[in-house]
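Analysis of the macromolecular model
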Amino acid sequence: MKHVGIKQARQELPGLIDRAEAGEEVIITRQGKPVAKLIAAPKTSKALPSLADFRKGLKTGTPAAHLLREERNAH
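Residues numbered from 1 in each chain as written. Predicted model: local features only at pLDDT ≥ 70, side-chain atom pairs only at ≥ 80, totals over all residues. Heavy atoms only, no water.

This part is about the pattern of salt bridges. Within this structure, the stated rule accounts for 2 salt bridges. A salt bridge links Arg-19 to Glu-24; its shortest N-O distance comes to 3.0 Å. For Glu-24, a relative accessible area of 24% puts it in the partly exposed group. When the shortest N-O distance is used, the salt bridge between Glu-25 and Lys-37 registers 3.9 Å. Separated by 12 residues along the polypeptide, Glu-25 in the loop between helix H2 (13-21) and strand S2 (26-30) and Lys-37 in strand S3 (residues 33-38) bring together distant segments of the chain. (Salt bridge = Lys/Arg side-chain N within 4 Å of Asp/Glu carboxyl O. Buried < 20%, exposed > 50% of the residue type's maximum accessible area, 1.4 Å probe, protein only. Helix = DSSP H or I, 4+ residues; strand = E, 2+ residues; numbered from the N terminus.)

Rendered as structure tokens:
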């Protein structure tokens, strides 16, 4: 675990991100007190489908505007 001051973190951010991606935790400090922790983002288990594929998988039904109109007219 590496401790780095804010000023140094600004200057070395790309390198600190590389270290975090490699699994190291980086603690960013202000006046010697920890204020933030830089860690790697969790790995995604699978890629998201493209928007076109996602839309193909949606079930089409009654449009929302039609449902709202029916509800409004019922009252």
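Read on, since the account is not over.
Most of S2 sits inside the fold, with 4 of its 5 residues counted as buried. Note: strand S1 (residues 2-5) against S2, 4 bridges, orientation parallel. In the sheet register, Val-4 faces S2, and the bridge partner there is Ile-28. Where S2 meets S3, 5 bridges bridge the pair, whose relative direction is antiparallel. If you follow Ile-27 over to S3, its bridge partner there is Lys-37. (Pairing = 2+ DSSP bridges.)

Turning to the sheet that holds S2, a few remarks are in order. Hydrogen bonds between backbone groups are what pair the strands of a sheet, and the pairing can be parallel or antiparallel. Across the sheet, 3 strands lie side by side as S1-S2-S3; this open sheet has mixed pairing. Across the chains shown, the open sheet's two edge strands, defined by having one partner strand only, are S1 and S3. Neighbour-to-neighbour, the strand axes of the sheet open up by a mean angle of 35°, direction not taken into account. (Axes fitted to C-alpha atoms, helices over the stretch in contact; angles between N-to-C directions.)

Val-4, Ala-9, Leu-16, Val-26 and Ile-28 together form the largest nonpolar core, which totals 5 residues. Beyond its immediate stretch of four places on either side in the chain, Ile-28 contacts Val-4, Gly-5, Ile-6, Ala-9, Lys-33, Pro-34, Val-35 and Ala-36. (Core = buried A, V, L, I, M, F, W, Y, C linked by side-chain atoms within 4.5 Å. Contact = heavy atoms within 4.5 Å.)

Counted residue by residue, S3 has 0 buried out of 6 residues, so it is predominantly exposed. In this structure, the hairpin formed by S2 and S3 is closed by a connection of 2 residues, where Gln-31 is found at a positive phi of approximately 55°.

This part is about unusual backbone geometry. Residue Gln-31 is not a glycine yet carries a positive backbone phi of 55°. As for its placement among the helices and strands, Gln-31 is situated in the loop between S2 and S3. For Gln-31, a relative accessible area of 80% translates into the label exposed.

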